[in-house]
Amino acid sequence: MSPRLLASMGVTAIAITVALLAPVRAAGQAGSAAKATPAKATAAAKTWTPPRTPDGQPDLQGVWDFRTITPLERPKELGTKAFFTAEEAANYEKEENQRQNRDLIDPEQGGLFYPPGGVVPYNEFWYDRGNKIVGTKRTSLIVDPPNGRLPAWTPEGQKQADLRAAEQRSTQLGHPHADSWEDRPLQERCIVGLNAGPPMTPGAYNNNVQLLQIPGYVVILNEMVHSARIVPLDGRPHGSIRQWKGDSVGHWEGNTLVVDTTNFKRETSLEGSGANTHLIERFTRTDVNTLLYEFTVDDPTIWTRPWTAVVPMTKSEDPIYEYGCHEGNYAMTGILAGARAEEKAAEEAAKKGSR
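Starting afresh in each chain, residues are numbered from 1 along the sequence in its written order. The predicted origin of the model limits local features to residues at a pLDDT of at least 70 and limits the giving and counting of side-chain atom pairs to 80 or more, whereas totals for whole chains, interfaces and linings rest on all residues. Excluding hydrogens and water, the side-chain figures rest on all heavy atoms present in the structure.

Engineer: Mind showing me how you'd approach the overall build of the protein here?
Structural biologist: When its secondary structure is counted, the protein shows five helices and 14 strands. Three labels apply to residues, based on accessible area from a 1.4 Å probe with only protein chains included: buried if under 20% of the type maximum, exposed if over 50%, partly exposed otherwise in between. Within the protein, buried positions represent 41% of all 355 residues. The contact rule is simple, with two residues in contact once any of their heavy atoms fall within 4.5 Å. Counting only contacts in the protein whose residues sit at least 6 apart along the sequence, the fraction spanning at least 24 positions is 62%. Working definition of accessibility: Shrake-Rupley area with a 1.4 Å probe, residue cover restricted to the visible protein chains. Approximately 18900 Å² of the protein is accessible, and the part contributed by carbon and sulfur atoms is 56%. For helices the rule is a DSSP run of H or I covering at least 4 residues; for strands it is a run of E covering at least 2, with both sets numbered from the N terminus onward.

Below, the structure written as structure tokens:
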């Protein structure tokens, strides 16, 4: 992970500039909108009145923290258990924090133990995943299907999953798929953040997002890879150009901001997703310090049915920091150079064997 630098105050200026521009979009509609069930309002949300922006919209602005150790999918061993008791939540937090701690020593391996998915060179200092589950004590962020797990793969989805597994095994054996930079994951290429989405999902660090509102637009600025989505609210249709983070348009449903995104260029930051992903995000401020974030993913190419997750976000007084992904990052050079060196060594060995 590159050092993070203080974010430029120019973000606000960018947002203002966007308001002065009136982009003309191609009228190509990228498919019918998927239905997303609104999040159930809590009793507090029903009685609490959100502040308003000067143009009368609910004020969602500020920096929001979405870190949590609640997993996206419910652990299989929990079966149909949707919520923890207070005691169970405390035990889960203790065990999960211990499992993920990169500073733990594994005496059998004689060195540092890194849980699956960890970045090996990092110790615990570099992580900021949080140490608590969500306040509702839900056992997964996924709320639909009711089992708290991702739907089954389609045949194409299973094929892609098998290819990823084979690539992972090859990489672990020291033979990454690296014919060119285009073979490497988008996160590795600093194009899409690990948790920045869309949709946004809690990750190892940089679990912060800033919302800015101006008449007719909302700007969603993620700390991870400091990427910004500029979402028009004027009722325009989706454009026809595929983009790395998709094409987002939004509207208000009462106090809820609804953002509809299609036309992804290829996979999103969600493992297994593809270019046909259709995403509906819902942002509802339920009290002064809570922004309820709900998203529904529909990709019939990959999953057999749509699925929905809910992530409560907490208001933060800290600033957004710039994520200098490319700064001092020699990973791509090293991976490609290593692959070429392996190929050369194999070629020379083959020549010697043929003599």
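Engineer: Where do I start with helix 5 (residues 331–354) in this structure?
Structural biologist: Turn by turn, an α-helix covers 3.6 residues, leaving residues three or four places apart pointing in a common direction. Helices are assigned an expected span. That span is 1.5 Å times one less than the residue count. In this model helix 5 runs 35 Å from its N-terminal to its C-terminal C-alpha over 24 residues, within 8% of the 34 Å that 1.5 Å per residue would give. Taken residue by residue, helix 5 has Met332, Ile335, Leu336 and Ala339 as its buried positions.

Engineer: For this particular structure, what's the right way to read the confidence of the model for the protein?
Structural biologist: Detail in the predicted coordinates should be disregarded across regions flagged by low pLDDT. Here pLDDT means the predictor's own confidence in every residue, given as a number from 0 to 100. With 81% of its residues at a pLDDT of 70 or more, the protein has an overall mean of 83. Confidence over residues 1–44 falls short of pLDDT 50; this stretch has 74 contacts with residues more than four positions distant or in other chains. Low confidence marks residues 110–117, where pLDDT is under 50. Its contacts with residues over four positions away, or in another chain, come to 21 contacts.

Engineer: Honestly, the state of the cysteines in this entry has me stumped. Any pointers?
Structural biologist: Each disulfide consists of a covalent bond between the sulfur atoms of two cysteine residues. Pairs of cysteine sulfur atoms within 2.5 Å are identified as disulfides in what follows. Scanning the entire structure with this criterion turns up one disulfide. Put simply, Cys190 and Cys325 are joined by a disulfide, and their sulfur atoms are 2.0 Å apart. The sign of the -75° torsion about the S-S bond sets the Cys190-Cys325 disulfide as left-handed. Linking Cys190 in the loop between helix 4 (155–172) and strand 6 (208–214) with Cys325 in the loop between strand 14 (321–323) and helix 5, this pair joins segments that are 135 residues apart in sequence. The class for Cys190 is buried, based on a relative accessible area of 11%. Exposure remark for Cys325: the relative accessible area of 12% places this residue in the buried category.

Engineer: Just checking my understanding: could you explain the packing of aromatic side chains for this structure?
Structural biologist: Any aromatic ring pair is given by two values, namely how distant the centres are and how the planes are angled relative to each other. Stacked, tilted and edge-to-face pairs are distinguished by plane angle, under 30 degrees for stacked and over 60 for edge-to-face with tilted covering the rest, among Phe, Tyr and Trp rings (Trp via its six-membered ring) whose centres lie within 6.5 Å. Counted by the stated rule, this structure contains nine aromatic pairs. For the ring pair Trp303 and Trp307, a centre distance of 5.7 Å and an interplane angle of 75° mean the geometry is edge-to-face. Like Trp303, the residue Trp307 is buried in the burial classification. An aromatic cluster is built from Trp153, Phe283, Tyr293, Phe295, Trp303 and Trp307, whose rings are joined through pairwise contacts. Either the NZ atom of lysine or the CZ atom of arginine qualifies as a charge over a ring when it sits within 6 Å of the ring centre and within 35 degrees of the ring normal. The ring centre of Trp244 lies 5.5 Å from the NZ or CZ of Lys265, which sits over that ring.

Engineer: Can you walk me through the pairing of strand 12 (residues 290–298) in this structure?
Structural biologist: For a regular strand, the rule is simple: side chains alternate between the two faces of the sheet. For strand 12, a buried count of seven out of nine residues is recorded, marking the element as mostly surrounded by other parts of the structure. Note: two strands are recorded as paired if DSSP finds a minimum of 2 bridges between them. Relative to strand 12, strand 11 (residues 278–287) is paired through nine bridges, and the arrangement is antiparallel. Paired with His278 across the bridge in strand 12 is Asp298. Connecting strand 11 to the antiparallel partner strand 12 that follows it, the hairpin turn spans two residues. In this sheet, strand 13 (residues 307–316) lies alongside strand 12 in antiparallel orientation, the contact comprising eight bridges. Each bridged residue has a counterpart across the sheet, and for Glu294 the counterpart in strand 13 is Val310.

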